[in-house]
Amino acid sequence: RAIGWLTARMTTPSPDGRAIVDQLIRDFDPQVAQAVGDALRRYDLTDNAMAFEGPFLIIRGDRDVAINRALDPKIEALKARPNVTVVDLDGAGHCANLDTPDAFRETVTRFISR
């Protein structure tokens, strides 16, 4: 319970979002979490993303500091592609859909409407 509570508070300022993250962490099998974490540290989809020719939306929460620091060089490279749209959401962290749900929905709707 403590890990769920702490992770929720570190992930989003949204009370509704915290409740969702807290429950997800509580329900998540630690062995699966370890396997996912191990895979994510080794998994790099940069080549796949650069080769993709369809419409591509990247939503970047401006408060997701650690992830942004790690991904910014890759996102900069993707920005140069004509099929890639990068949107920075002010006030959003790692869970932009929970932190700024209206802006997130508007961004996705605008993208898919094109």
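Since this is a predicted model, take the numbers as computed values, not measurements. (Residues numbered from 1 in each chain as written. Predicted model: local features only at pLDDT ≥ 70, side-chain atom pairs only at ≥ 80, totals over all residues. Heavy atoms only, no water.)

Let us now look at the overall build of the chain. What the chain contains, in helices and strands, is 7 helices and 2 strands. Along the chain, helices and strands appear, N-terminal first, in the series α-α-α-α-β-α-β-α-α. Taking the principal axes of its C-alpha atoms as reference, the chain extends roughly 45 × 35 × 25 Å. Scored against the burial criterion, the 114 residues of the chain give a buried share of 28%. For the chain, long-range pairs separated by at least 24 residues make up 62% of all intrachain contacts whose partners lie at least 6 apart in sequence. Distance between charge centroids for the chain: 3 Å, based on 15 positive and 17 negative side chains. (Helix = DSSP H or I, 4+ residues; strand = E, 2+ residues; numbered from the N terminus. Buried < 20%, exposed > 50% of the residue type's maximum accessible area, 1.4 Å probe, protein only. Contact = heavy atoms within 4.5 Å. Lys, Arg positive; Asp, Glu negative; His and termini not counted. Charge placed at Lys NZ, Arg CZ, Asp CG, Glu CD.)

Here strand S1 (residues 56-61) runs beside strand S2 (residues 84-89); their pairing, made up of 6 bridges, is parallel. Residue pairing in the sheet places Leu57 in a bridge with Thr85 of S2. Considered for its hand, the β-α-β crossover made up of S1, helix H5 (residues 65-79) and S2 is right-handed. (Pairing = 2+ DSSP bridges. Right-handed = clockwise from strand over helix to strand, strands pointing away.)

What follows deals with the confidence of the model for the chain. Taken residue by residue, the chain gives an average pLDDT of 89. The fraction at 70 or more is 100%. The secondary structure element of the chain with the lowest average pLDDT is helix H3 (residues 30-42), at 83, and the one with the highest is helix H7 (residues 101-113), at 97. (pLDDT = per-residue confidence, 0-100.)

In this description, a pair of aromatic rings is defined by centroid distance and the angle of the planes. Across all of its chains, the model carries 1 aromatic pair by this definition. Ring geometry for Phe52 versus Phe56: centroids 6.1 Å apart, planes at 75°, classification edge-to-face. (Phe/Tyr/Trp six-rings, centres within 6.5 Å; stacked < 30°, edge-to-face > 60°.)

In total, this model carries 7 salt bridges according to the counting rule given. Ionic pairing is found between Asp102 and Arg105, a salt bridge with its closest N-O pair at 3.0 Å. Of this pair, Asp102 and Arg105 both sit in helix H7, 3 residues apart, which is roughly one turn of the helix. Here Asp102 falls in the exposed class, since its relative accessible area comes to 59%. Across the pair Glu106 and Arg110 runs a salt bridge, and its minimum N-O distance is 3.3 Å. (Salt bridge = Lys/Arg side-chain N within 4 Å of Asp/Glu carboxyl O.)

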